[in-house]
Amino acid sequence: MRPSVESLRIFEMCVSVGSFAGAADRLALTPAAVSLRIRSLEAELGQPLFTRAGRRVVPTAAAVALACEVRNALDHLNNALDAFRAGTTPLRVTAPPTFASRWLAPRLSGYRAAGGASIELDISSDVRDPTAFDVAIRTGRGGWDGLDEYPLMPVDVTPMVAPNLLGSRTLAAPEDLANFDLLPHPDWAKWFARAERSMPGGLRFASVDYSIFELIANAAVGGLGVALLSPTLFRSLLEDRLLVAPLATVLKGPDWYFALIREGDQRPAARSFCDWLREEVQRSQD
């Protein structure tokens, strides 16, 4: 008779932890139950698995080798179960609104066509409890506690303006921005620094702070001012000539877009989605 998977799981934990009591604590069992399970397993296998010296137990060399194979088999079983669940349970992805609508959503059909998991998309920018998502896309500089990080691309911005607002006026140098209303954005000073210019005195800022990038872009398309927007996320507006980016300076970073998953999460669906994101970023930049 072959030992049960549960018996092998308890045995592997005993070898991994180094004691029956420690294994019992990890598995929420009593030490007596673990000890009984090991004795039964030794009887089924026809040989001892541990040598006992007082209160200590030491796995035999053969037991250590068996425990290693059992661990590999359990990992393989868990991966198979995760892959099965991935086919029926949507992958919970949370992303900021503009990134989700302008970059991610148009690409998800390609991900699904390539055999990717179904996606449950949550639109948000705030920090979520790690148990509430499988993959989170957020901006920052890294260093999230308890999360594995996949850097995707730097946050980038450059001035964009509607052609009808530009008209016959010149916007060939940063100083020329003083002749336009600017839509409020926290990175204007950083952009001027990147352009190696001081912010001109008397800059005119529009009276409405839209705060959400999509609303800022809509205001720019409507001719309400010059917007500081991402040429990566709003590429379609440039390609359709709804906006133009007449100045060459693009501020990149220091913040990046990151894909985040729970630290140590080995589920194939979550990690393969992060790998796909990085491949899509690379493909879009080629």
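In this text the structure is predicted, and so the values were computed from the model without any measurement. (Residues numbered from 1 in each chain as written. Predicted model: local features only at pLDDT ≥ 70, side-chain atom pairs only at ≥ 80, totals over all residues. Heavy atoms only, no water.)

Draft legend 1. The arrangement of the layout of surface pockets in detail. Roughly 670 Å³ of internal volume is contained in the largest pocket. Looking at the largest pocket, it is lined by 38 residues, and the ones nearest its centre are Arg138, Thr139, Val155, Asp255 and Tyr257. The set of elements that each furnish at least two residues to the lining of the largest pocket consists of α5 (97-113), β5 (135-140), β6 (147-160), β9 (227-229) and β10 (251-262). Looking at the lining of the largest pocket element by element, the count peaks at six residues for β10. (1 Å grid on protein atoms, 1.4 Å probe; cavity = no way out; pocket = protein on both sides within 12 Å on 5 of 7 lines; lining within 4 Å. Points joined across faces, edges and corners; volume = space filled by probe spheres on them. Helix = DSSP H or I, 4+ residues; strand = E, 2+ residues; numbered from the N terminus.)

Draft legend 2. A look at the pairing of strand β3 (residues 91-95). Burial analysis of β3 places four of its five residues in the buried class, the great majority of the element. As a crossover connection, the stretch from β3 through α5 into strand β4 (residues 119-123) is right-handed. With two bridges joining them, β3 and β5 adopt parallel strand pairing. Looking across to β5, one finds that threonine 94 is bridged to alanine 136. (Buried < 20%, exposed > 50% of the residue type's maximum accessible area, 1.4 Å probe, protein only. Right-handed = clockwise from strand over helix to strand, strands pointing away. Pairing = 2+ DSSP bridges.)

Draft legend 3. View of the pairing of β10. Note: β5 against β10, five bridges, orientation antiparallel. Counterpart to threonine 139 in the pairing with β10 is tyrosine 257. With nine bridges connecting them, β6 and β10 associate as antiparallel partners. In the sheet register, aspartate 148 faces β10, and the bridge partner there is isoleucine 261.

Draft legend 4. Layout of a nonpolar patch on the surface. On the surface, Val5, Leu77 and Leu81 cluster together to form a nonpolar patch covering roughly 240 Å² of accessible area. Positionally, leucine 77 belongs in helix α4 (residues 61-88). Classification of leucine 77 as partly exposed rests on a relative accessible area of 39%. (Patch = residues over 30% accessible without salt bridge, like charges linked within 9 Å, V, L, I, M, F, W, Y side chains within 5 Å. Areas by Shrake-Rupley, 256 points an atom, 1.4 Å probe, with all protein chains shown as cover. Salt bridge = Lys/Arg side-chain N within 4 Å of Asp/Glu carboxyl O.)

Draft legend 5. Highlighting the sheet that holds β4. Taken together, six strands build an open sheet; the order of strands is β4-β3-β5-β10-β6-β9 and the sheet is mixed. Both outer strands of the open sheet, β4 and β9, are each paired with one neighbouring strand and no more. Averaged over all pairs of adjacent strands, the angle between their axes in this sheet comes to 25°, without regard to strand direction. Direction of pairing for β3 relative to β4: parallel, over a ladder of five bridges. (Axes fitted to C-alpha atoms, helices over the stretch in contact; angles between N-to-C directions.)

Draft legend 6. Broad picture of the confidence of the model for the chain. Taken as a whole, the chain shows an average pLDDT of 91; of its residues, 97% reach a score of 70 or greater. Element-level mean pLDDT values for the chain span from 82 in α4 up to 97 in β9. (pLDDT = per-residue confidence, 0-100.)

Draft legend 7. Structural context of the side chain of serine 124. Note that serine 124 resides in the loop between β4 and β5. When its relative accessible area of 8% is taken as the criterion, serine 124 is described as buried. Engagement of the side chain of serine 124 in a polar contact is seen with the side chain of arginine 138, the distance being 3.0 Å. With residues near it in sequence (within four places) discarded, serine 124 still touches Thr94, Ala95, Pro96, Pro97 and Arg138. (Polar contact = N/O pair within 3.5 Å; in protein donor to acceptor, adjacent residues only side chain to side chain. Contact = heavy atoms within 4.5 Å.)

Draft legend 8. Main features of the side chain of arginine 138. Position of arginine 138 relative to the elements: it lies in strand β5. Excluding residues that lie within four positions of it along the chain, arginine 138 makes contacts with Thr94, Ala95, Pro96, Ser124, Ser125, Asp126, Arg128, Trp144, Trp256, Tyr257, Phe258 and Leu260.

Draft legend 9. Structural context of the packing of aromatic side chains. Enumeration according to the criterion identifies 11 aromatic pairs in this entry. A ring pair is formed by tryptophan 188 and tryptophan 191, whose centres lie 6.3 Å apart and whose planes are at 85°; its orientation type is edge-to-face. Here tryptophan 188 and its partner tryptophan 191 are both found in helix α7 (residues 188-194), three residues apart, which amounts to about one turn of the helix. For the pair shown, tryptophan 188 and tryptophan 191 are each scored as buried. Among the aromatic residues, those joined into a cluster by ring pairs are Phe11, Phe20 and Phe50. Arginine 107 extends its terminal NZ or CZ atom over the ring of tryptophan 103, reaching a point 4.2 Å from the ring centre. (Phe/Tyr/Trp six-rings, centres within 6.5 Å; stacked < 30°, edge-to-face > 60°. Lys NZ or Arg CZ within 6 Å of the ring centre and 35° of its normal.)

Draft legend 10. Fine view of unusual backbone geometry. The peptide bond linking glycine 253 to proline 254 adopts the cis configuration, its omega dihedral lying at 5°. With respect to the helices and strands, proline 254 occurs in strand β10. The backbone of glutamate 196 sits at a positive phi, close to 60°, despite the residue not being glycine. Residues other than glycine seldom take positive phi values, yet arginine 241 does so here, at roughly 65°. Its location among the elements puts arginine 241 in the loop between α9 (235-239) and β10.

Draft legend 11. Region of the structure containing helix α8 (residues 213-221). For α8, the full list of buried residues reads Ile216, Ala217, Ala219 and Ala220. Viewed end-on, α8 has its buried residues packed into an arc of 160°, placing them on one side of the element. On its buried face, α8 is in contact with β9 and α9. Count one or two residues on from α8 and you reach glycine 223, which has phi positive near 80°. (Arc of directions from axis to C-beta.)

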